[in-house]
Amino acid sequence: MDKIFDQLEGLVERYDELQEMMSDPEVINDTPRYLKISKEAADMAKVVTEYKKYQQLKSDIEQSKEVLNESKDPELEDLAKEEISEQEEQLAAVEENIKVLMIPQDPNDDKNIIMEIRGAAGGDEASLFAGDLLNMYERYAERQNWQFEIIDENKTEVGGYKEVAIMISGKKVFSKLKFENGAHRVQRIPTTESAGRVHTSTATVAVMPEYDEVDLEIDPKDIRVDVYRSSGAGGQHINKTSSAVRMTHIPTGIVVAMQDQRSQQQNREKAMQILRSRVYDYYESQNQSEYDAERKSAVGTGDRSERIRTYNYPQNRVTDHRIGLSLNKLDKIMNGQLDEIIDALILSDQTKKLERIQNGETKLY
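Each value, and the rule that gives it
Residues numbered from 1 in each chain as written. Predicted model: local features only at pLDDT ≥ 70, side-chain atom pairs only at ≥ 80, totals over all residues. Heavy atoms only, no water. Helix = DSSP H or I, 4+ residues; strand = E, 2+ residues; numbered from the N terminus. Buried < 20%, exposed > 50% of the residue type's maximum accessible area, 1.4 Å probe, protein only. Contact = heavy atoms within 4.5 Å. Areas by Shrake-Rupley, 256 points an atom, 1.4 Å probe, with all protein chains shown as cover. Phe/Tyr/Trp six-rings, centres within 6.5 Å; stacked < 30°, edge-to-face > 60°. Salt bridge = Lys/Arg side-chain N within 4 Å of Asp/Glu carboxyl O. Core = buried A, V, L, I, M, F, W, Y, C linked by side-chain atoms within 4.5 Å. Pairing = 2+ DSSP bridges. Axes fitted to C-alpha atoms, helices over the stretch in contact; angles between N-to-C directions.

### Comments concerning the overall build of the protein chain
Scanning the protein chain from N- to C-terminus turns up 11 helices and 11 strands. Split into buried and exposed, the 365 residues of the protein chain put 42% on the buried side. The long-range fraction of contacts in the protein chain, counting pairs at least 24 apart against all pairs at least 6 apart in sequence, stands at 61%. Accessible surface, the protein chain as shown: approximately 20100 Å² in total, 45% of it carbon and sulfur.

Right, dumping it as structure tokens:
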């Protein structure tokens, strides 16, 4: 804990400095600067309060020990011992609070997400598994009281999905689903398998925070927009109008095609939402060292080609390979009961972040 508290001393000094700045007339009159400073101070307030409580308890314990050492009265000694025991319990609780408060928060945790699920290796069976994952996340979203909206889909003839994009909106969506990013493997007997052999297939899941224009500004000059007639179901309306939209982000070459909405304007809006998130995800992944350290390394690299989880149907087992967790309740998990896995992934993430702080690898604020 020594390295942690070395950083906390600096944090308290910075907090006191911010408090002084907030009472400076020059800062008060500069609204943007004042708001920035007050937000920084507010972000620090809880941990500073707990640390000051910690310091006070340490001082109180020292004083109680002095009384115990100097006293020759048995009754006073018993009182001092009892007081020390209570204070040390309080100190341990405050220390745990400080550890939790000091874990760096992912700035994207409060955001909604765009999730893309794709059938990968395994042909028809992979596309069916992609559909099963879609249903799993939809049921989980229902349990969380989140909104779940399919915004783009490419179905296969067997009833699965070559690819499907979903927008999930609600409270702290990214914080709970960000670890789903990667390759998911299924082991089961396909319905078409007459010999009863277990086949292995994969589907990939990409989880991207939803960004608005404030978070990420894309120059309109960098986007090429093509409109064309939608194909597929939809009757006369869909055949007569050029409602489908294809957007290309020229600097990165990222392309988003959208035709599932009723109007060209709706397709433009949905395409832009996906494009913005894909472009941000692209730029984030370019800074690989920082990206790995801060967002991905906690529970694996997060690379979409990495197998993160196996769903074994014959044994009713789900295994998350990043944290070595196996649960013999695949039926419940596929029904959206993901809490046990997600809670374990979050705990693993928090534990490793705290280790980096203790080792001096991560600085506070």
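### Observations concerning the packing of aromatic side chains
Within this structure, the stated rule accounts for 3 aromatic pairs. Summarising the aromatic geometry, the rings of Tyr51 and Tyr54 are spaced 6.3 Å apart at their centres and angled 15° between planes, so their arrangement reads as stacked. Of this pair, Tyr51 and Tyr54 both sit in helix α3 (residues 31-70), separated by 3 residues, roughly a single helical turn. A residue is classified by how much of its surface remains accessible, and Tyr54, at 9% relative accessible area, is buried. Between Phe129 and Tyr311, the ring centres sit 5.4 Å apart and the planes meet at 65°, which makes this aromatic pair edge-to-face. Pair noted here: Phe129 is in helix α5 (residues 124-143) and Tyr311 is in strand β9 (residues 307-312), with a separation of 182 residues, a long-range link. Here Phe129 matches Tyr311 in class, with each residue buried.

### What to know about the pattern of salt bridges
Using the criterion set out here, one finds 15 salt bridges in the structure. A salt bridge links Asp320 to Arg309; its shortest N-O distance comes to 3.1 Å. Of the two residues, Asp320 sits in strand β10 (residues 317-320) while Arg309 sits in strand β9, which places them 11 residues apart along the sequence. Taking the relative accessible area as the measure of exposure, Asp320 reaches 1% and is therefore buried. Assessed through its relative accessible area of 0%, Arg309 is described here as buried.

### So, the nonpolar core
Membership of the largest hydrophobic core comes to 35 residues, with the highest contact counts inside it found for Met115, Ile117, Leu133, Tyr137, Ile168, Leu177 and Tyr311. When contributions to this core are tallied by element, the ones reaching two or more residues are β1 (113-119), α5, β3 (161-169), α6 (173-177), β5 (199-209), α10 (330-334) and α11 (339-358). The greatest single-element share of this core, amounting to 8 residues, is contributed by α5. Met44, Tyr54, Ile61 and Ile98 belong to the second-largest nonpolar core, a separate cluster that totals 21 residues.

### Points about the sheet that holds strand β8 (residues 254-258)
If you walk across this open sheet you meet the 3 strands as β6-β7-β8, and the pairing is antiparallel. Both edges of this open sheet fall to β6 (223-228) and β8, since each of them pairs with a single strand only. Recorded for the sheet is a direction-independent mean angle of 15° between the axes of neighbouring strands. Direction of pairing for strand β7 (residues 244-249) relative to β8: antiparallel, over a ladder of 5 bridges. Looking at the pairing, Arg246 lines up with Ala257 of β8.

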